[in-house]
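Observations on chain architecture
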Protein chains: 2
Amino acid sequence: MDFKSKLLNDAVEQMSSLPGIGQRSALRLVLHLLDQSEKEVNDFTKAFINLKEHLNFCDKCYHITEQKTCEICRNPSRSDELICVVQDVRDLLAIESTQQFYGKYHVLGGVISPMDGIGPNDIKVNELKERIINEKTTEIILALPATMEGDTTNFYIYRKLQEVKVNITLISRGIGVGNQLEYIDELTLGKSLLDRSIYKTNISN
Amino acid sequence: MDFKSKLLNDAVEQMSSLPGIGQRSALRLVLHLLDQSEKEVNDFTKAFINLKEHLNFCDKCYHITEQKTCEICRNPSRSDELICVVQDVRDLLAIESTQQFYGKYHVLGGVISPMDGIGPNDIKVNELKERIINEKTTEIILALPATMEGDTTNFYIYRKLQEVKVNITLISRGIGVGNQLEYIDELTLGKSLLDRSIYKTNISN
């Protein structure tokens, strides 16, 4: 689209460079910004400049942090022996929000995906191995997406850690809490049958 | 959501201040920006700062422009006698993209909507009346949304212009090009029957 204004074209182009924002949405957002006061637009842009300037990646787990090492890694009440391996910061935040995990994290920065040009050297697997050896980790939990790329990465990590003494576990896959069975895809439903757990038993051992 | 980082919280809050962007999407967009180079983030923010600084509203039709009067109003090959009244800049751009209109525009800046606190004095109707009188306009086309608010505004404009000699027309309402009749709501379908036009006739006058 050409809006016959370089400024508007530029702004729409920048806005639509964000993932999932098409040209029409971008125009809507840009015109919304244009309706705001100069101060509000300044605050809007400053937030991203500040973020980029002062936020960096934790030197241990690659989570985002305003310091050298992130808050989670610096927290002495969280166990060093348990590391949860995640794809990205969003997944880390999702797990944090469950309040069910009290170990540390390791953010890979992606999963192996030849289609997207992401190879084993583009993700932080060597750094993970080093950490496990140095920090005497006893268990790593693989919490990568349940996709082909996630599974490939799981297997790559497993192979990479073969000579390291550490338990490797995988988050469970099955039907989601609150889901109706009829709407679940057959692969997930099949997996949830195979991975069934004991509920109660009357048979004495 | 609290991301335990003021910078991240601020950035997500600013991003989710945009219409239609929730907290989850905002986080995704902000983390995308964080992945970009410092130059790219600067370019991103500068586009909006420039837009706000140098773009303003045309002193005649209230379209956006980098000058005092917009390109459309300055174009001598476009008729002054025909003014198309639209709700906002997006609707103007939508009509421009049809390449079917060679008159001028008048951007109201909204439609009357008591629920949203927009009254008759919040939209540029007095300015429209003045223009019609000064520019000797012969026809105005009301191209407002086909909603209750749009209809209210149409009627308000009609009343406001009662003593002015000008033809007031309304863009046609009916079934969209390429639409199947079975999926069209009954109000629209009913209207398209009432507003039918002559296709061909064998009856000689």
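Residues numbered from 1 in each chain as written. Chains lettered and ligands numbered in written order. Predicted model: local features only at pLDDT ≥ 70, side-chain atom pairs only at ≥ 80, totals over all residues. Heavy atoms only, no water.

1. Remarks on unusual backbone geometry
Applied cut-off: In this text, helices come from DSSP runs of H or I with a minimum length of four residues, and strands from runs of E with a minimum of two, each type numbered from the N-terminal end.
Here Tyr62 of chain A, not a glycine, exhibits a phi torsion of approximately 70°, which is positive. The residue Tyr62 of chain A is located in the loop between strand E1 (56–57) and strand E2 (64–65) in this model.

2. Considering the packing of aromatic side chains
Threshold: Stacked, tilted and edge-to-face are the three classes assigned to paired rings of Phe, Tyr and Trp, where Trp is represented by its six-membered ring and a pair needs centres within 6.5 Å; plane angles under 30 degrees give stacked, over 60 edge-to-face, the rest tilted. Think of it in three bands: with a 1.4 Å probe and only protein chains considered, a residue is buried below 20% of the maximum accessible area for its type, exposed above 50%, and partly exposed in between.
Applying the stated criterion across every chain yields a total of eight aromatic pairs over all chains. Aromatic pair Phe48 of chain A and Phe44 of chain B: ring centres 6.0 Å apart, planes at 75°, arrangement edge-to-face. You can see Phe48 of chain A sitting in helix H3 (residues 38–54) and its partner Phe44 of chain B sitting in helix H3 (residues 38–54), one on each of two chains. The exposure class of Phe48 of chain A is buried, given its relative accessible area of 1%.

3. Here we look at the sheet that holds strand E4 (residues 104–107) of chain B
Think of a sheet as strands paired side by side through backbone hydrogen bonds, with each pair either parallel or antiparallel. All names here are of chain B. Applicable threshold: At least two DSSP bridges between two strands are needed for those strands to be called paired. Note on geometry: axes are C-alpha line fits, over the in-contact stretch for helices, and angles between N-to-C directions span 0 to 180 degrees. In what follows, residue pairs with any heavy atoms lying within 4.5 Å of each other are defined as contacts.
Here we have four strands laid out as an open sheet, ordered E4-E3-E5-E6, and parallel in their pairing. Of all strands in the sheet, those with a lone pairing partner are E4 and strand E6 (167–170), marking the two edges. Each neighbouring strand pair of the sheet contributes to a mean axis angle of 25°, computed without reference to strand direction. Two strands pair when backbone bridges link them, and strand E3 (residues 82–86) and E4 are joined in this way by four bridges, in the parallel orientation. The residue of E4 that forms the bridge with Cys84 is Tyr105. Helix-sheet contacts for helix H6 (residues 125–135) involve E3, E4 and strand E5 (139–142), and the interaxial angle to E4 is about 155°. Running over the sheet, helix H7 (residues 148–160) touches E3, E5 and E6 and is turned about 160° from E5.

4. Some thoughts on the relation of the copies chain A and chain B
What counts, and what does not: Superposing copies: least-squares fit, C-alpha atoms only, residues required to have pLDDT of at least 70 in both.
When chain A is fitted onto chain B, the two copies agree to an RMSD of 0.0 Å after a turn of 180° and an axial shift of 0.0 Å. Taken together, the rotation and translation describe the operation of a two-fold axis. For chain A, the minimum C-alpha distance to the rotation axis belongs to Thr45 of chain A and amounts to 2.5 Å. A shared binding surface is used by both copies, with 98% of the interface residues of chain A retained as interface residues in chain B.

5. Details of the pattern of salt bridges
Residue and element names in this part refer to chain A. The test is simple: Salt bridges, as used here, are contacts in which a Lys or Arg side-chain nitrogen is within 4 Å of a carboxyl oxygen on Asp or Glu.
Enumeration over the complete set of coordinates arrives at 20 salt bridges over all chains. One salt bridge in this structure joins Arg131 and Glu135, with 3.5 Å as the shortest N-O distance. Residue classification places Arg131 among the buried positions, given a relative accessible area of 6%. Each member of the salt-bridge network shares a partner with another, and the members are Lys60, Arg131 and Glu135.

6. Describing the nonpolar core
One broad rule of soluble globular proteins: the nonpolar side chains tend to lie buried together. To be explicit about the condition: Among buried residues, the Ala, Val, Leu, Ile, Met, Phe, Trp, Tyr and Cys ones that are joined through side-chain atoms within 4.5 Å form a nonpolar core.
Leu8, Met15 and Phe48 of chain A together with Leu8, Met15 and Phe48 of chain B are the most contacted members of the largest nonpolar core, which has 76 residues in total. The contacts of Leu8 of chain A, once residues within four sequence positions are left out, are Phe3, Leu27, Val30 and Leu31 of chain A together with Leu51 and Ile64 of chain B.

7. Thoughts on the interface of chain A and chain B
Under the convention used in this document: We define buried area as the total accessible area lost by two parts upon association, computed with a 1.4 Å probe and summed across both.
In this complex, chain A contributes 49 residues to the contact, which on the side of chain B involves 48 residues. Summed over both sides, the interface of chain A with chain B buries roughly 4600 Å², with 75% coming from carbon and sulfur. In terms of surface lost to chain B, no three residues of chain A exceed Leu7, Leu34 and Lys52 of chain A, which account for 16% of the buried area on that side. Inspection of the chain A/chain B interface yields zero salt bridges. Here the side of chain A that touches chain B takes 15 residues from H3 of chain A, the largest share from any one element.

8. Quick look at the domain arrangement of chain A
How we decide: An automatic or database domain assignment is the source of the domain bounds shown.
Segmenting chain A into domains produces domain 1 (6–54) and domain 2 (57–170). Each of domain 1 of chain A and domain 2 of chain A was reduced to a C-alpha centroid, and the two centroids are 33 Å apart.

9. Focus on the sheet that holds strand E5 (residues 139–142) of chain A
Residues and elements named next belong to chain A. The sheet built from four strands is open, its strands ordered E4-E3-E5-E6 with parallel pairing. Because the sheet does not close on itself, it has two edges, and the strands there are strand E4 (104–107) and strand E6 (167–170). Direction aside, neighbouring strands of the sheet carry axes that sit 25° apart on average. Where E5 meets E6, four bridges bridge the pair, whose relative direction is parallel. Residue pairing across strands places Ile140 opposite Ile168, the latter belonging to E6. Lying over the sheet, helix H6 (residues 125–134) contacts strand E3 (82–86), E4 and E5, oriented at roughly 155° with respect to E4. Sheet strands touched by helix H7 (residues 148–160): E3, E5 and E6. Its angle to E5, the strand with the most contacts, is close to 160°.

10. A word on the pairing of E4 of chain A
So the rule is basically this: When the strands point away from the viewer, a crossover counts as right-handed if the route from the first strand across the helix to the second turns clockwise.
Going residue by residue along E4 of chain A, you find Lys104 and His106 of chain A tucked away on one face and Tyr105 and Val107 of chain A tucked away on the opposite face as well. The β-α-β motif built from E3 of chain A, the intervening helix H5 (residues 89–96) of chain A and the parallel element E4 of chain A has right-handed crossover chirality.

11. Regarding the packing of H3 of chain A against helix H1 (residues 6–15) of chain B
Heads up, the rule is: Here is the rule for handedness: rotate from the far helix to the near one, and if that takes an anticlockwise turn smaller than a right angle the crossing is left-handed, while a clockwise turn gives right-handed. Residues are grouped as follows: nonpolar covers Ala, Val, Leu, Ile, Met, Phe, Trp, Tyr, Cys and Pro; charged covers Asp, Glu, Lys and Arg; every other residue, Gly included, is treated as polar.
At their nearest, the axes of H3 of chain A and H1 of chain B sit 9 Å apart, and the two run at 145° to each other. In this structure, the crossing between H3 of chain A and H1 of chain B has a hand that is left-handed. Packed against H3 of chain A, whose contacting residues are Glu40, Asp43, Phe44, Ala47, Phe48, Asn50, Leu51 and His54 of chain A, the element H1 of chain B presents Leu7, Leu8, Asp10, Ala11, Gln14 and Met15 of chain B at the interface. Looking at the contact of H3 of chain A with H1 of chain B residue by residue, the class counts come to eight nonpolar, three polar and three charged.

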